[in-house]
Amino acid sequence: MSPSSLALLQQTSALRQAIRRKDHTGPTSGLATGAMQGNVVILPADYANEFLLFCQNNPVSCPLIGVSEVGNYRMPMLGEDIDMRHDIPEYYVYRNGEKVESRADIEALWQDDMVAFVLGCSFSFEHALSQAGLTPRNIEEGVNVSMFETNIATTPAGRFYGNTVVTMRPYVPKEAIRAIQITTRFPKAHGAPLHFGNPEAIGINDLTQPEFGDAVSIREGEVPVFWACGVTPQLAIRNAKPPICITHAPGKMLVTDILDTDLAVF
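Residues numbered from 1 in each chain as written. Predicted model: local features only at pLDDT ≥ 70, side-chain atom pairs only at ≥ 80, totals over all residues. Heavy atoms only, no water.

## Some details on the sheet that holds strand β8 (residues 195-196)
Definition in use: The pairing criterion is simple: DSSP has to find at least two bridges between the two strands. Secondary structure elements follow DSSP: runs of H or I of four or more residues count as helices, runs of E of two or more count as strands, with numbering from the N terminus. In what follows, residue pairs with any heavy atoms lying within 4.5 Å of each other are defined as contacts. An axis is simply a line fitted to the C-alpha atoms; with a helix, the fit covers only the stretch in contact. Between two such axes, the angle follows the N-to-C directions and lies from 0 to 180 degrees.
Across the sheet, four strands lie side by side as β6-β7-β9-β8; this open sheet has antiparallel pairing. Where the open sheet ends on each side, the last strands, each with one partner, are β6 (146-153) and β8. Relative to strand β9 (residues 223-228), strand β7 (residues 163-171) is paired through six bridges, and the arrangement is antiparallel. Each residue of the ladder has a partner; that of Thr167, found in β9, is Trp227. Against the sheet, helix α6 (residues 232-240) engages β6 and β7, with an angle of about 160° to β7.

## Here we look at the packing of aromatic side chains
Any two aromatic rings considered together are summarised by their centre-to-centre distance and by the angle between their planes. What counts is decided by this rule: Pairing of aromatic rings covers Phe, Tyr and Trp, the last through its six-membered ring, and needs centres within 6.5 Å; plane angles under 30 degrees mean stacked, over 60 mean edge-to-face, and all others mean tilted. Buried, partly exposed and exposed residues are distinguished by accessible area as a fraction of the type maximum, computed with a 1.4 Å probe on protein chains only: under 20%, between the cut-offs, and over 50%, respectively.
Following the criterion strictly, the structure yields seven aromatic pairs and no others. Here the aromatic rings of Tyr47 and Phe160 are separated by 6.3 Å at their centres, their planes lie at 90°, and the arrangement is edge-to-face. Taken together, the residues Tyr47 in helix α2 (residues 45-57) and Phe160 in the loop between β6 and β7 connect sequence positions 113 residues apart. You can call Phe160 buried: its relative accessible area is 0%. Aromatic side chains Phe125 and Trp227 sit 5.4 Å apart centroid to centroid with 45° between the ring planes, which places their arrangement in the tilted category.

## Focus on the environment of Pro193
You can see Pro193 is positioned in the loop between α5 (173-183) and β8. Spatially, the C-alpha atoms of Pro193 and Ala264 are 16 Å apart, while their sequence positions differ by 71 residues. When neighbours within four sequence positions are excluded, Pro193 is seen to be in contact with Ile180, Thr183, Val225, Phe226 and Trp227.

## Thoughts on the side chain of Asn58
By the secondary structure assignment, Asn58 is in the loop between α2 and β2 (64-67). According to the relative accessible area criterion, Asn58 is buried, its value standing at 8%. Other than its neighbours up to four places away in sequence, Asn58 contacts Thr154 and Thr155.

## Considerations on the domain arrangement of the protein
Short version of the rule: Each domain's extent is set by a domain assignment, obtained either automatically or from a database. Here the quantity called buried area is the accessible surface, traced with a 1.4 Å probe, that two parts lose on coming together, added over both. Salt bridges are defined as contacts in which a side-chain nitrogen from Lys or Arg sits within 4 Å of a carboxyl oxygen from Asp or Glu. Polar contact is the term for a pair of N or O atoms within 3.5 Å; when the atoms are in protein, one must be able to donate a hydrogen and the other to accept it, and sequence-neighboring residues count only if both atoms are side-chain atoms.
What the domain assignment reports for the protein is domain 1 (3-121 + 239-260) and domain 2 (123-233). With centres defined by C-alpha atoms, the gap from domain 1 to domain 2 works out at 20 Å. Contacts between the two partners involve 36 residues from domain 1, matched on the other side by 32 residues from domain 2. Regarding the contact of domain 1 and domain 2, the summed buried area is about 2800 Å², with carbon and sulfur atoms giving 61% of it. The tally of links from domain 1 across to domain 2 stands at two salt bridges. Inspection of the region where domain 1 meets domain 2 yields 16 residue pairs in polar contact (both at pLDDT 80 or more). At the level of elements, β1 (35-44), α2, β2, β5 (114-120) and α6 are the ones that each hand at least two residues to the side of domain 1 that touches domain 2.

## With respect to the pattern of salt bridges
A complete count under the given rule lists 16 salt bridges for this structure. Arg137 serves as the salt-bridge partner of Glu140, at 3.0 Å between the closest nitrogen and oxygen. Here Arg137 and Glu140 lie together in helix α4 (residues 137-140), a separation of three residues that amounts to about one turn. With relative accessibility at 44%, the residue Glu140 sits in the partly exposed group. On the accessibility criterion, Arg137 (5% relative accessible area) is buried. Arg137 is the salt-bridge partner of Glu222, the closest N and O atoms lying 2.6 Å from each other. Of this pair, Glu222 sits in the loop between β8 and β9 while Arg137 is found in helix α4, placing the two residues 85 residues apart along the sequence.

Shown next as structure tokens:
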């Protein structure tokens, strides 16, 4: 292992420890740059196969990077010390499809029949964008990325269905083309954008009012660029109405020990 890779693993482990201690409770964008971050969905086993099919039907919005064994809160394929009950800055708890609370950990809610899914996140390609001189605006401004519900339908699977959620990052057209080229190499982090330009074409009426995350400034000459987002399953969960489901809070991800470059396509 190279010294830089070892240093990054030390960062990811230290960040998870800080999250476990409740010392870090905010967004994870821009942290442990170079490490794959993941969206999280935790479901009872009775719903797991349908959700797995939903991910397979919608690989751009829901790129699977890890699935736990039933009842096992460890994810050794993503990091030896990962504990899915504690290693996310904020959890959302849904009951019968409705969000009922947020928690700093879910140890008291963990059940022996639970299955944890980890999906790739666009935060993982933000490092590559920054290295190319295309630092995302949310990182520049120190806020959560803007996330919007669109009118783009997902492909249903059993009880799971709903519209696609997207993240938005503004660029001037020349930079947008370069951003498309870069992010295409990261299919496990949502890959190329779904849309750029006119937001109304995908059902977004006001870029200053994201459904999730924070609004960011859009400067003269810039166009909004929209990538699929791992918050998409949270809309499908509302429709499927499982008795309990636990997700990450938007923008507050599981930070893994997998390097972004390990999942990149060149």
